[in-house]
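# Fold and geometry: a report
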Amino acid sequence: MSLHVLLVEDDRQLRQTLQAALQAHGYAVTGSASRADAEAVLRHHPQAIDLVILDLGLPDADGSELLAGLRQQRQTPVLVISARHDDAGKVKLLDAGADDYLVKPFSVQELLARMRVCLRHRGMAVQAPVLHYRMNGLAVDVAAHRVSLQGEPVHLTPTEFRLLARLVRQAGQVVTHRQLLADVWGPEHVDQLQYLRLYMGQLRAKLEARPAEPQWLLTEPGVGYRLVEAA
Amino acid sequence: MQSVLALLRMRTSSPWPALLIWLVTAGAIVALDGWWNLGNLALLLVLGSTLASFWLTATASVLASALAVALFNWFLVPPRYTLHVQLHQDLLLLATLLGTSTLISVLTSRLRQHAQAQAEQARQAERLQQLASRLQHAGSVSEQVQFARDLLQDWTGLPITLWLGKDAPAASHPLHRAWLASQQEQGAIGPGTGRHDEIGVWVLPLRAGVMRIGTLALGPASDPNTLPHWPLDRLQALVRLTADEVQRLQSGLQTRQDQDRLQAQQLRNTLLAAISHDYRTPLATITGAASSLQDTTDLAQVQTAARTILDETEHLHRMTSNTLQMARLDTLDAPLQTSWESVEELCGAVLAGARRRHPDRQIETHVPAGLPLLGCDPVLVVQLLDNLIENALRYSPPDQAVALCAHGNSGAVQFEVLDRGIGIPPEWHNKVFDPFRRVLPETRGDTGFAEATRRGMGLGLALCQAIARAHHAHLWIEDREGGGTRVCLRFHEQTQPAFNPEAP
């Protein structure tokens, strides 16, 4: 049976376009234009939902309310799609448990790629946590505290390592500034963005050949960081 | 003369100096009795009476003088120790003495009253001037209220309460009843006004012209006798001045708001006209490409049309986000959403976008390590640099690289976007930042970029300038040595956030 996607988007044109594109790639898609409708589908649809694609602005509620209601009951992955000028809203959703976000306009290819990451991640979450990362010559062994670049060991400070390990845990997905600050420095430091900026700078200086154009440690402006998904 | 006037301004609260003067005068007369004749002694008495009158009220002074003349008669005028007067000339002397003393007493007293009134007037003028200058320098109405309250409190020694506009004391407020009573009255109410004498406080309307803009209460005094000491008319003058100044500031603020609104409206109209005009071009292109898709089955044509649609929508997207951001900045009274950002990441975000849109173009970058963090709104700064890169790519030949650089200079951070394009004539270096201005193709000389210059609506650089201003950053254009354009964006030095580095 194909994977079942719930597409919550109030714009009919965009919903139909995405629905057609996703169906063409083998997903079963149920469209929904409002929070009420989406909740009804989640509760009563005979085929369980495997992934939710959620638009922020809904006619009867904010997307975050739907997310909050959903998170109380189940761990279905949620991919947020939003317009660009609403960074605060995106961050709030990610902190509230959304898995990833996409800024409109986006290409269908990118949406499909992000969906695959979301689904794969949920699959892994129930198995062992990610302890090894290997991509393009960068290798991280979280358990052994070892990092190597093209086979050469790299010396990281304890904080730099904790930061990298936190990103490895969710490789391929965006991790918000708040999440990183809370997990690496502690919950009392969630507003000290400067720590993150400076340590990310140090980390890139040690790992990336061209820190302004990183190949592993990607910046999501205004939101957080993303470690490139391991191949 | 000055010292006499100063003496006259003194209040008549203490009669002791007068008593002392009379005692000294009496002593002198007794001591000189037998040495000086009667006429000279009488002059001494006149001198004493004059001096003493400075400290006494008119009546007290006249009575004192009369008593002194009687005693003079008793002790000194022959026959002594009787009130009987032996000689006609002595009688005349006594009469003159009494008359002169009385006259001097009355005159001195009047003069003193006059001088006191003058001094009080000068004080009042000074108060009015001080109040006016404080109120005129206030930036807001609440500041004015604060100043007026402080000054009046200082001068009257009584607590002042002020309600402006629709403000009213709560029902539990001790002055609620007084305030309520004053709303029914045109003038002041309270002790001595003949209206609501029993309330124990003075309540005055704040009146600017005929409009009542608020209410002022004076009191209650800790000592109930304090209140009537302050003449009501003097207080009223101060209150009227306060009302006028508050009203002036309020209407000034209102006028400025109206002007701002009008200006914003005009800008919006221009903006809307320009936007709707500039959206038509890409929309027409998309319509054309889409309709050709309907008719053709040729794969190459389909791909071309799809490419065109993607390019044009990308362009529409850029115009939309520029417009939105411009509107946001225009109405931005709230401070920017600033956070500490690293220069490297800002450049990285700009580069990533540019590379995605222009995979076949060569974009160079140079960002040295160790630049300070930048307190800025990252979305806005990225959009600014993004617009600059897009311009550089659009106005330079496809085989020429453009560059995005950043460097630090004694704490300041400067971004530069460089191209080898057609350049901008020097006289346009400032004008291109005005909204809806574009260097017209004919002023450029030739060129193979006529197609490129047709596009965009001249809002991009205006937005860049608005973003730079909002960050107190400096944005300017230079000719690049060797041809092309250099656009510079310079952020001032910022105090870096606290940070404890970790041992390596």
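Residues numbered from 1 in each chain as written. Chains lettered and ligands numbered in written order. Predicted model: local features only at pLDDT ≥ 70, side-chain atom pairs only at ≥ 80, totals over all residues.

This part is about the overall build of chain A. Within chain A, the regular secondary structure consists of eight helices and twelve strands. Taken across its 231 residues, chain A has 36% of its residues classed as buried. Of the contacts made within chain A by residues no fewer than 6 positions apart, 56% connect residues no fewer than 24 positions apart. (Helix = DSSP H or I, 4+ residues; strand = E, 2+ residues; numbered from the N terminus. Buried ≥ 20, exposed ≤ 12 C-beta atoms within 10 Å, placed from the backbone. Contact = placed C-beta atoms within 7 Å.)

What follows deals with the packing of helix α6 (residues 158-169) of chain A against helix α8 (residues 193-207) of chain A. All names here are of chain A. Running from N to C, α6 and α8 point in directions that differ by 90°, and their axes come no closer than 10 Å. Judged on the interaxial angle alone, α8 and α6 are roughly perpendicular. Counting all contacts with α6, which are made through T159, E160, L163 and L164, the residues of α8 involved are Y199, Q202 and L203. Here the contact of α6 with α8 is composed, by residue class, of four nonpolar, two polar and one charged. (Axes fitted to C-alpha atoms, helices over the stretch in contact; angles between N-to-C directions. Parallel < 35°, antiparallel > 145°, perpendicular 65-115°, else oblique. Nonpolar A, V, L, I, M, F, W, Y, C, P; charged D, E, K, R; others polar.)

Our focus in this paragraph is the sheet that holds strand β1 (residues 160-164) of chain B. Strands in a sheet are paired, the pairing made by backbone hydrogen bonds, and the direction either parallel or antiparallel. Residue and element names in this part refer to chain B. With antiparallel pairing, three strands are arranged side by side in an open sheet as β1-β3-β2. The open sheet has two free edges, formed respectively by β1 and β2 (202-208), since each of these has just one partner strand. Mean inter-strand twist for the sheet, computed between neighbouring axes without regard to direction, equals 25°. Pairing of β1 with strand β3 (residues 211-218) involves five bridges; the strand directions are antiparallel. The residue of β3 that forms the bridge with L162 is L216. Helix α6 (residues 141-156) contacts β1 and β3 of the sheet and is inclined by roughly 155° relative to β1. (Pairing = 2+ DSSP bridges.)

Attention shifts here to the pairing of strand β7 (residues 402-409) of chain B. All names here are of chain B. Pairing analysis gives four bridges linking strand β5 (residues 363-366) to β7, with the strands arranged parallel. Bridged to E364 within β7 is A403. As paired elements, β7 and strand β8 (residues 412-419) share seven bridges and run antiparallel to each other. Bridge assignment links A406 to a residue of β8, and that residue is F415. In this structure, the hairpin formed by β7 and β8 is closed by a connection of two residues, where S410 is found at a positive phi of approximately 40°.

Moving on, we come to the interface of chain B and chain A. Facing 25 residues of chain B, the contacting portion of chain A comprises 20 residues. Of all the elements, helix α10 (residues 343-357) of chain B adds the most residues to the side of chain B that touches chain A, at six residues. Residues that form the side of chain B that touches chain A fall into these classes: 14 nonpolar, seven polar and four charged.

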